[in-house]
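As a plain string of letters, each chain reads:
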Amino acid sequence: MNDLLLKQSILRRTGRVSALTLGALALTAAGCATSQGPGAETAPSGAAPGASAEPAQTNLLKASDFDDNKSLPWTTSFTAPGAGSAEVKNGAYCVTVTNKGANNWDAQFRHREMVIQKGHSYTIQYKAWASAPTKARPKVGMAGPPYEEYWSDTVVLGTEPKTYTGKFSMAKADDPTAELAFHIGGEMASAKEPFEVCIDDIRLDDPEFRASAPAAAEAAPKIAVNQVGYLPGAVKIASVSNAATAPLAWELLDGAGKAVSRGQTRVFGKDGASGDHVHIIDFTAFSAPGQGYVLKVGDDKSFPFDIGADIYQQLKYDALAYFYHNRSGIEIKMPYAGKPELARPAGHLHDKSTRCLQGSGCDYALDASRGWYDAGDHGKYVVNGGISVWTLLNWYERTKHLGTSSADFADGKLSIPENKNGVPDILDEARWELEFLMGMQVSEGKPLAGMVHHKMHDDAWTGLGLAPHEDKMNRSLHKPSTAATLNVAAVGAQCARIWKTVDAAFSARCLKSAERAWAAAKQNPALYAPPGGDKGGGPYDDTDVKDEIYWAAAELFVTTGKPEYKQVVQSSPLNARFPTEVDGVASSMNWKVTDALGQISMAIVPGNVDAVWQQQLRGRIAKAADKYLAVADKEGYRTLVQQTPAGKYEWGSNSFVLNNMLVVALAHDVTKQQKYLDGVVLGMDYLLGRNPLGQSYVTGYGDKPLENPHHRFWAHQANSKYPKAPPGAVSGGPNSSLQDPHAQSAGLKGCVAQRCFVDHIEAWSVNEITINWNAPFAWVTAFLDEKAKK
């Protein structure tokens, strides 16, 4: 899930709530020491710590004092209704609890990223205190189910700092993902909210452990470029962070270090979204293909890059492969997985008979198998699946009616099991999700027949480092919603017209499902998903479905030509304009705002939309694209998204860039004007490294690629037994609100919008990946590859 509306359930989403992996370091306090687990001991309050052979090197903890004002990898975890925050105060790590919740673990903080080894002996030492006397329960143990503990203690904290110690021997097998956590919530907490708990000078020593020197953080180059490269026939821009107020000389060096082009920078000035003083290098005039080019300004050099027509040829396929890798209910196997470590058994086979959540008002089971896992978790959500599958199918229709690259997505082109069945592979991939979406529809004879269940997911959050087939959590259907039902009406209609000449029986099934959904939504126009979410999943709540009504009616009209659908479209106030704002952000669509999807389909597909109307729609798209180009002109890093009026980037900021790129690309399709192609290039440049962090937000691409997206299975950073992410996954990117504990602890407080990012698996509010972000990424990458080949 990937929207700011998830914020009320956000603190539980990474597998860190209730039964989550979230304990963090432990406030073990004075007296009251109880031994639990093999070999566990705790020294009395104030006892001298056990001797350590090499104290400076034997400490497993990466942050022991907080004198540098940073606390990572210490983070908090609050399980609703538990709530609070943390900050470094006067060189100590302090957690404020505003709601202690019902259970001890509902308010906690923890340190992960360490290994507890069998046969080793450990000593624990720390200072702790509280704003009012209260209990704390420190523990060393597993970071995920079954949460076995190797040492724990229950202590009473006073208001003055005190040193506490403990020790234990590890009798269990090695734990490569252990955590030191402090539980400070529930009935155990005797202080009245709000209260504060602080720790300092904390150590977890193993005499046999030798800490390696931390790697020095590498500064981003002052010259930011697209680290993959540039198309010969399109704009070529680099952004330079430099305080100079006069233009600077630049050189373009080839792979041999020879200067092949020179010029002067243009002074852009202060850039609000990055905080940098920026210069622009425009080397569009240079178009000679080659590898290893470098831009140079003074002593500063860029990362190397290529110029060529083939730079996106493989990336478009890698972006589409994201969907195969995240399929539910099928073995992911070689050779389609690409690498053996990415293969896995089929996950969640029991989704084939998924029962209603207890208390949800229904008592049946549906076949909720297939589909794509939504994001970093194993949930499947109709409203996010809807826009994702629409985007893939729209690429198919756009390419058929306006493009030239349909053959690139024909049978045999994608690395999927169905690539020899005579059907275009992109349709095979989309069908996997369509089968799930239609499977979520209530059967005839049941209450709310024809409506569609909003979502299905685990009944509680699971932890990081979990392959789909390893997930044993019960999964349930959640209540039907009008928004979900209209999503199925829309994509079912889209499916019906596309498959009509491919598989007539499937086409008819899609249309039947779509029209059943439309009729059911008319009968139940205000069934909304509840806000705040549920255990194990986010809400995706939406209480304004006028846009979904418009979208569904438009798709049904394009497919059937029936007057009733045309009337709904033309009588809607949404029909008067093409949207350019989504939840305060300059953009045209996301999972929650979907009327633009209907207008795009009507603008592309010939037949039932008359030529005059279609030209009007295309003109609106071009006008919206002009707005996004104007945004780029005012940005130092020339991206297609701007800060909100509050100066922020919202959750999934890169997705707004991508959806705006899609609109600009369509404007090029219908006008053939170069400025629109260049606009799409500018957006891609930002995503692939021309940004103030020098960060490619895509796995496997660039000199500084995305490495650690938030994902249950691609969880190598959390647990080395799991693989790294394959190439082609795009991160949600900078998010000023920093809702996750890791980002909050990374020293990003008060960050300028484009700098609110950290590439870490725990940083789910800035580094999540999801189907409705990779879908437009695949779309625009394929677009650029097509244009490069013309």
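Whatever comes next refers back to the structure up there.
This is a predicted model, so every value here is computed, not measured.

Parameters and conventions
- Residues numbered from 1 in each chain as written.
- Predicted model: local features only at pLDDT ≥ 70, side-chain atom pairs only at ≥ 80, totals over all residues.
- Heavy atoms only, no water.
- 1 Å grid on protein atoms, 1.4 Å probe; cavity = no way out; pocket = protein on both sides within 12 Å on 5 of 7 lines; lining within 4 Å.
- Points joined across faces, edges and corners; volume = space filled by probe spheres on them.
- Pairing = 2+ DSSP bridges.
- Helix = DSSP H or I, 4+ residues; strand = E, 2+ residues; numbered from the N terminus.
- Phe/Tyr/Trp six-rings, centres within 6.5 Å; stacked < 30°, edge-to-face > 60°.
- Buried < 20%, exposed > 50% of the residue type's maximum accessible area, 1.4 Å probe, protein only.
- Lys NZ or Arg CZ within 6 Å of the ring centre and 35° of its normal.

Asks: I'm lost on empty space enclosed by the protein in this one. Help?
Replies: Sizing a probe to match a water molecule and rolling it over the atoms shows the empty space that remains. As enumerated under the stated definition, the model contains three cavities of 30 Å³ or more in all. Roughly 80 Å³ of volume is contained in the largest cavity. If you go around the largest cavity, you meet 14 residues; those closest to its centre are His325, Asn326, Arg344, His711 and Phe713. When its volume is computed, the second largest cavity comes out at roughly 40 Å³. Lining the second largest cavity are Asp377, His378, Gly379, His457, Asp458, Trp461, Thr462, Gly536 and Arg712.

Asks: Hey, could you run me through the sheet that holds strand S27 (residues 455-458) in this one?
Replies: Strand pairing within a sheet occurs via backbone hydrogen bonds; the two strands may be parallel or antiparallel. Pairing is antiparallel in the open sheet, where three strands are placed in the order S25-S27-S28. Strands at the two margins of the open sheet, each flanked by one partner only, are strand S25 (380-381) and strand S28 (475-477). Sheet topology note: the S25/S27 ladder contains two bridges and is antiparallel. In the sheet register, Tyr381 faces S27, and the bridge partner there is Lys455.

Asks: I'm lost on the packing of aromatic side chains in this one. Help?
Replies: Working definition: an aromatic ring pair is given by the centre-to-centre distance plus the angle between the planes. What the rule picks out here adds up to 30 aromatic pairs. Geometrically, the ring pair formed by Phe286 and Tyr293 is edge-to-face, given 5.5 Å between the ring centres and 80° between the ring planes. When its relative accessible area of 15% is taken as the criterion, Phe286 is described as buried. Centre to centre, the rings of Tyr322 and Phe323 are 5.7 Å apart; their planes meet at 75°, and the pair counts as edge-to-face. With respect to class, Tyr322 is no different from Phe323; both count as buried. The rings of Phe66, Trp74, Tyr93, Phe109, Tyr126, Tyr164 and Phe182 are connected pair by pair, giving a single aromatic cluster. When the ring centre of Trp432 is taken as origin, the NZ or CZ atom of Arg327, which lies over that ring, is 4.8 Å away. One residue, Arg398, lies across the ring of Trp779, its end atom 6.0 Å from the ring centre.

Asks: Before we go on, may I ask you to explain the sheet that holds strand S15 (residues 237-241) in this structure?
Replies: Read from one edge to the other, the open sheet built from four strands follows the order S13-S15-S19-S18, with strand pairing classed as antiparallel. The open sheet has two edge strands, strand S13 (223-224) and strand S18 (266-270), and neither has a second partner. Here S13 runs beside S15; their pairing, made up of two bridges, is antiparallel. Residue pairing in the sheet places Ala224 in a bridge with Ser239 of S15.

So, to be careful, I would describe these as geometric facts and stop short of saying anything about function.
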